[in-house]
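Here's the letter readout for the chains.
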Amino acid sequence: MGGRRRRTEPSQDGGRSGPSYRGGCGAGGGGRPLREAARGSPGRRVGGAFRAAAGLHHAAGLEPRRRRSGVIMLAETSLSIWGWGSLGVVLFLITFGPFAIFYFAFYILCFVGGGFVVTLLFGKSNSEKYLEQCEHSFLPCTSVGIPKCIEEMKREARPIKIDRRLTGANIIDEPLQQVIQFSLRDYVQYWYYTLSDDESFLLEIRQALQYALVQFSARSKETDWQPYFTTRLVDDFGTHLRVFRKAQQRIAEKGDQMKDQAEELVDTFFEVEVEMEKEVCRDLVCTSPKDEEGFLRDLCEVLLYILLPPGDFQNKIMRYFVREILSRGILLPLINQLSDPDYINQYVIWMIRDSNCNYEAFMNIIKLSDNIGELEAVKDKASEELQYLRSLDTAGDDINTIKNQINSLLYVIKVCDSRIQRLQSGKEIDTVKLAANFGKLCTVPLDHILVDNVALQFFMDYMQQTGGQAHLFFWMTVEGYRVTAQQQLEVLQSRQKDGKHQTNQTKGLLRAAAVGVYEQYLSEKASPRVNIDDNLVAKLAETLNHEDPTPEIFDDIQRKVYELMLRDERFYPSFKQNVLYVRMLAELDMLKDPSFRGSDDGEGESFNGSPTGSINLSLDDLSNVPSDETVQLHAYISDTGVCNDHGKTYALYAITVHRRNQNSEETWKTYRRYSDFHDFHMRITEQFENLANILKLPGKKTFNNMDREFLEKRKKDLNAYLQLLLNPEMMKASPALAHYVYDFLENKAYSKGKGDFARKVPPLIQKTYSDPDHCRVAAPIDDNVDDNIPLRVMLLLMDEVFDLKERNQWLRRNIKNLLQQLIRATYGDTINRKIVDHVDWMTSPEQVADAVKRFRDAFWPNGILAETVPRRDKAIRMRTRVAGKTKLLEVMPDELKHIIGAETTRKGILRVFEMFQHTQLNKRMVYVFLERFLETLFPQNKFHELFNKLHSRSKQMQRYKQRLHTTQAPSLQKSLLVSHIRLLMHL
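Small disclaimer: the values here were computed from a predicted structure and weren't measured. Numbering of residues begins from 1 in every chain and follows the order in which that chain's sequence is written. Residue-level local features of this predicted model are given only where pLDDT is at least 70; pairs of side-chain atoms are given and counted only at 80 or more, and the full residue set underlies all totals for whole chains, interfaces and linings. Side-chain measures were taken over the full set of non-hydrogen atoms in the model, leaving aside hydrogen atoms and water.

A. Spotlight on helix α6 (residues 200-222). Helix numbers and strand numbers start at the N terminus; a helix is a DSSP run of H or I with at least 4 residues, a strand a run of E with at least 2. Multiplying one less than the number of residues by 1.5 Å gives the expected span of a helix. With 23 residues, α6 should cover 33 Å at 1.5 Å per step; its first-to-last C-alpha distance of 33 Å lies within 8% of that length. Every buried residue of α6 is accounted for by F201, L202, I205, R206, A208, L209, Q210, A212, S217 and S220. We call two residues contacting when some pair of their heavy atoms lies within 4.5 Å. Close packing links the buried residues of α6 with α5 (170-192), α10 (289-307), α12 (316-339) and α38 (919-937). Relative accessibility decides the category of a residue: with a 1.4 Å probe and only protein chains considered, values under 20% of the type maximum give buried, values over 50% give exposed, and everything between is partly exposed.

This is how it looks when you write it as structure tokens:
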């Protein structure tokens, strides 16, 4: 019974039937009654067996019924499954839509496919591992020594071979390799070896740096550096100086005593920069250290993108390391050093170290200084030296020397105290006190004035104001005629000795020149005419008609003109009482030094003559004294017509002129041709260069210039020209202009000052009609014309340094133009070649190597990283400024002072020096040089647009665009309104 298993079958009514046996009874729960029956009595055992047999028979009878009931239950179960399944499908479709089945099938397919792929990859990897194990299992066993040898070989350092060639010149490569080595040692290795001993990373960085330097060197060799050094660099410096000068003028116009004038100067400087550049402003880079570091990082990353191969550039870790080394380790410290005013001052002193300081130049600097810090530093040093000298115990001859030194120091201290008190109180010498000292000024004879270029310019300005310029111009023209005639006659005599005969031609040229002088100044048609004895003029005319001209033909009349200018109260005597005379003495450096008397507080100060510093500060105020405005002049073109004179047809314009003063009023008409207007325009624009940017003469027309419509249009344009010319503000700005206007509008024949050839030939330097104050220095130069551009830019830079264009300096301008034409005609190519040769020398391998060595020695003296130099004491820096200015003034040649004037030279040099005393402005100049350098080195990479984008976050630039939009909107609306009105009038 123990080997049988009992199974319970479900009955027809869902209950359980009796036990059924299949091959015996097991040890399950169903065998428990049988085992209990077996344990009882024999009778009970027999009865139990019969009952068991009866149960089996009954179970056999119930088996078919159970089967039928099972089939029925199975059918009901399958029907319920299909029902529930259909219901689920319907609900699924209603809920998720008909396409959900396809999505569901797609998800299942993806799941199955993914499982298949995972299984395939897993099996592949396991198979490869198994095959590898099987392959190694068939190799013979190695001995113990070979693995140890392999480990020792791995531990040995690999020999690193570095190609040390960078530029192709060993003289440059050696210091460059040292710079690379020192940079890696001090910026990377000191922390990298604490993390790893692997040299591969350092090798990759070194190779990346060397590759970048090789590419940089290759680009440098392909670049023509002459335009950069001879034109663009000078242009950038001159433009920087122009922006600084305009910023100073704006601050002076405000006239307020600002608390922080240096900060105000920096803000105003960048405002002017936006107006001049119009596309970029570098205020953020120069004033914010955070923005400066970001700019250098972006710039270095762009350079690495250009110079490095793509594989190395994509390595972010190495790229970031190289970028930080270049930006923060090399460029930023170098820019900070070059922008430090104290470093620049020390460099200036070192450059002119061979020049000894002049006591006179030093005292001029003290008297002209407007920085209280400089004066206090000099005063403290003088007091210290004074105490030292007084502590010495000397006797004999040395005591006289020490006394002289003590007196000199006391005088320096007195000047410093007086200047400090004047700056703190704001007191300056007024015009009344200045006029009272005129009589104490030294006297310059007239004959010295007429032969000195600087003095002659001031006397000429005065003669133009008084209407006596014809006398002075006649005297100068006769001097020029005499020299020219003497040279021509000497040449004629030398040629006659050689057997060459050109007597008639030479005498004809001299006669034409003499007649020209007579017609221009002495004839009845001359305008303006020299008023001299008629007998002398008639005698001269007879001599010209019957005799050959000689160099001395005008001597008698010239002598009379000289006496008239000397003795007439309108001319030289009044000139000595005029402000221009004081200005002339300042330019000639003939103003007397002040003598100090009175109390120690400076209140008892008196002046023997005029102190240079005070005169300079008050002369500008005197120049603004308004001129006589009692005479009013009005003119307009009332009519126009066409005239025919000996077969020549031309247009004639009738000008009605009204002149009114306090006592009378006059009206007349005068007639002028367009050529008269053109000649007059050329005269005044040469005399007053600022008018060329304001006055616009109507252009010429070759064909159909006699049409009635054209003449009416030109009449309107010329009327507008006259009204702008006669504007009181224009006359006030240029007082000497009134004489030219009166001469042009007088009722007489107009005498052209320019010949036909002069009016047709364009000037040597074409004038630009853009505002010179809002454009670059080299903007008037056409880069496409190779006409000694380096020399021309140098001359333009001289104009900007000494501010020659801002003032009416007619004679200086003519002298400069004369020198310019002379240099171009004779030595221009030679000087240009010298400039180019100097640039070639600057870019030679020897000079480049020397620059790299200086950079290496400055940052790593004796191979050790230089420590940050502590900022020097303020007093030492201030005294260095004074020493630098003194050196600069001392080194200026006297020839330059004689050409443009001592005071103009002094102001120009001090303006340049003052420009370098602001760190932010120095940074701006360094970044401009760097940007122009990269634009020249990589012309195909659009660095100009890149820099505009990098500087686009400038606040000054955003404010400028807003102001521009605000100012342009009304003008645009006005132009649209005018166009609309014109259209309506036309309709």
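Still more ground to cover, so stick around.
B. How the structure looks around the UniProt feature "transmembrane region" (unreviewed entry) in the chain. Under the UniProt annotation, "transmembrane region" (unreviewed entry) lies at residues 71-94 and 100-122. Summarising residues 100-122: 100% helix, 0% strand, and an end-to-end C-alpha distance of 32 Å. UniProt positions are given in the numbering used here, feature names are shortened, and annotations may be inferred rather than shown by experiment.

C. Spotlight on the packing of aromatic side chains. Note on ring pairs: Phe, Tyr and Trp rings are taken, using the six-membered ring of Trp, and paired if centres are within 6.5 Å. Classes follow the plane angle, with under 30 degrees stacked, over 60 edge-to-face and the rest tilted. For the coordinates displayed, the defined rule picks out 34 aromatic pairs. Measuring from centroid to centroid gives 6.3 Å for W225 and F229, while their planes differ by 55°, and the two rings are tilted. Residue classification places W225 among the buried positions, given a relative accessible area of 11%. Ring pairs connect the aromatic residues W191, Y192, Y193, F201 and F321, which therefore count as one cluster. Lysine NZ or arginine CZ positioned within 6 Å of the ring centre and within 35 degrees of the ring normal marks a charge as sitting over the ring. Lying over the aromatic face of F744, R672 brings its terminal NZ or CZ to 5.4 Å of the ring centre. One Lys or Arg, R714, reaches over the ring of Y674 and ends 3.9 Å from the middle of that ring.

D. Region of interest: empty space enclosed by the protein. Buriedness of a pocket was judged along seven lines, with at least five required to meet protein on both sides within 12 Å; pockets are open sets of points on a 1 Å grid over the protein atoms alone, cavities are sets where a 1.4 Å probe fits but cannot get out, and lining residues have an atom within 4 Å of a point. Grid points are joined across faces, edges and corners, and a volume is the space filled by probe spheres set on the points. As enumerated under the stated definition, the model contains 4 cavities of 30 Å³ or more in all. Computed from the structure, the second largest cavity encloses a volume of approximately 60 Å³. Residue lining of the second largest cavity: C281, R282, D283, L284, V285, D291, F295, L950, H951, R953 and S954, and that is the complete set. Ranked by residues supplied to the lining of the second largest cavity, first place goes to helix α9 (residues 283-287) with 3 residues. Classification used: nonpolar for Ala, Val, Leu, Ile, Met, Phe, Trp, Tyr, Cys and Pro, charged for Asp, Glu, Lys and Arg, polar for all others including Gly. Looking at the lining of the second largest cavity residue by residue, the classes come out as 5 nonpolar, 2 polar and 4 charged.

E. Spatial organisation of the confidence of the model for the chain. When pLDDT is averaged across the chain, the result is 75; 71% of the residues are at 70 or more. Residue-level confidence of the predictor is what pLDDT reports, using numbers from 0 through 100. Confidence over residues 593-629 falls short of pLDDT 50; this stretch has 75 contacts with residues more than four positions distant or in other chains. Counted against residues more than four places away or in other chains, residues 754-770, with its pLDDT under 50, gives 26 contacts.

F. Spotlight on the packing of α12 against α38. Axis geometry follows a simple rule: fit a line to the C-alpha atoms, using only the stretch in contact for helices, then measure angles between N-to-C directions, giving values from 0 to 180 degrees. Two numbers describe how α12 lies on α38: the axes approach to 8 Å, and their chain directions differ by 125°. By the angle class used here, α12 and α38 are oblique. Handedness of the α12/α38 crossing: right-handed. Touching I335, N336, L338 and S339 of α12 are T919, N922, K923, V926 and Y927, all from α38. When grouped by side-chain class, the residues that make up the contact of α12 with α38 number 4 nonpolar, 4 polar and 1 charged. Here roughly perpendicular refers to angles of 65 to 115 degrees, roughly parallel to angles under 35, roughly antiparallel to angles over 145, and oblique to all remaining angles. Handedness of a helix crossing follows the sense of rotation of the near helix relative to the far helix, less than a right angle counterclockwise being left-handed and clockwise being right-handed.

G. Spotlight on the packing of helix α27 (residues 674-687) against helix α28 (residues 708-725). The geometry of α27 relative to α28 is characterised by a closest axis approach of 13 Å and an angle of 30° between their N-to-C directions. Taken together, the axis directions place α27 and α28 in an arrangement best described as roughly parallel. When the axes of α27 and α28 are compared, the crossing they make is left-handed. Across the interface between the two elements, Y674, F677, F680, H681 and I684 of α27 pack against R714, L718, Y721, L722 and L725 of α28. Among the residues forming the contact of α27 with α28, the class breakdown is 8 nonpolar, 1 polar and 1 charged.

H. Fine view of the side chain of S339. Position of S339 among the secondary structure elements: in helix α12. The exposure class assigned to S339 is buried, which follows from its relative accessible area of 0%. Discounting residues that sit within four places of it in the chain, S339 has contacts with T919, N922, K923 and V926.

I. Local environment of the pattern of salt bridges. The working definition used for a salt bridge is a side-chain nitrogen of Lys or Arg within 4 Å of a carboxyl oxygen of Asp or Glu. Counting across every chain of the model gives 31 salt bridges. Here E324 ties to R297 by a salt bridge, and the two come within 2.9 Å at their closest N and O atoms. Of the two residues, E324 is situated in helix α12 and R297 in helix α10; the sequence distance between them amounts to 27 residues. For E324, a relative accessible area of 25% corresponds to the partly exposed category. As a salt-bridge pair, R319 and E301 come within 3.2 Å of each other at their nearest N and O atoms. Taken together, the residues R319 in helix α12 and E301 in helix α10 connect sequence positions 18 residues apart.

J. Region of the structure containing a nonpolar patch on the surface. Residues enter patches when their relative accessible area tops 30% and they take part in no salt bridge; the joining distance is 9 Å for like charges and 5 Å for the nonpolar side chains Val, Leu, Ile, Met, Phe, Trp and Tyr. All accessible-area figures derive from a Shrake-Rupley calculation using a 1.4 Å probe, and residue coverage is judged against the displayed protein chains alone. On the surface, V89, L93, F99, I101, F102, Y103, F106 and Y107 cluster together to form a nonpolar patch covering roughly 900 Å² of accessible area. When contributions to the nonpolar patch are tallied by element, the ones reaching two or more residues are α2 (42-96) and α3 (100-137). A total of 5 residues in the nonpolar patch trace back to one element, the largest contributor, which is α3. Along the polypeptide, I101 turns up in helix α3.

K. Quick peek at unusual backbone geometry. Even without being glycine, K278 reaches a positive phi, approximately 70°. The phi torsion at N862 lies on the positive side, around 60°, for a residue other than glycine. In this fold, N862 is placed in the loop between α34 (845-859) and α35 (874-891). Judged by relative accessible area, N862 falls into the exposed class, the value being 80%.

L. Here's a closer look at the state of the cysteines. Cysteine sulfurs are considered disulfide-paired once they come within 2.5 Å of each other. Counted by the stated rule, this structure contains 0 disulfides. With no disulfide partner, C286 has as its closest neighbouring cysteine sulfur the one in C281, 8.3 Å distant. Accessibility expressed as a relative area gives 5% for C286, which makes it buried.

M. Spotlight on the side chain of D186. As for its placement among the helices and strands, D186 is situated in helix α5. What D186 contacts, discounting residues up to four positions off in sequence, is W860 and L865.

N. The environment of V912, seen in detail. Along the polypeptide, V912 turns up in helix α37 (residues 902-915). Along the sequence, V912 and K885 sit 27 residues apart, while their C-alpha atoms lie 10.0 Å from each other.

O. Region of the structure containing a negative patch on the surface. The charged-residue count follows a simple rule in which Lys and Arg add positive charge and Asp and Glu add negative charge, with His and chain termini not counted at all. Think of each charge as sitting on NZ of Lys, CZ of Arg, CG of Asp or CD of Glu. Among the surface-exposed residues, E376, D380, E384 and E385 lie close enough to one another that they form a single negatively charged patch. Looking at where E384 falls in the secondary structure, it is placed in helix α15 (residues 372-391). Residue classification places E384 among the partly exposed residues on the basis of a relative accessible area of 47%.

P. Spatial organisation of α28. Across its 18 residues, α28 extends 25 Å between first and last C-alpha, which sits within 8% of the 26 Å expected from 1.5 Å per residue. Of all the residues in α28, the buried ones are F710, L711, R714, K715, L718, N719, Y721, L722 and L725.

Q. Molecular detail of the environment of T230. Here T230 lies in helix α7 (residues 226-254). Using a relative accessible area of 3% as the deciding quantity, one classes T230 as buried. C-alpha separation for the pair T230 and V836, spaced 606 residues apart in sequence, amounts to 7.6 Å.

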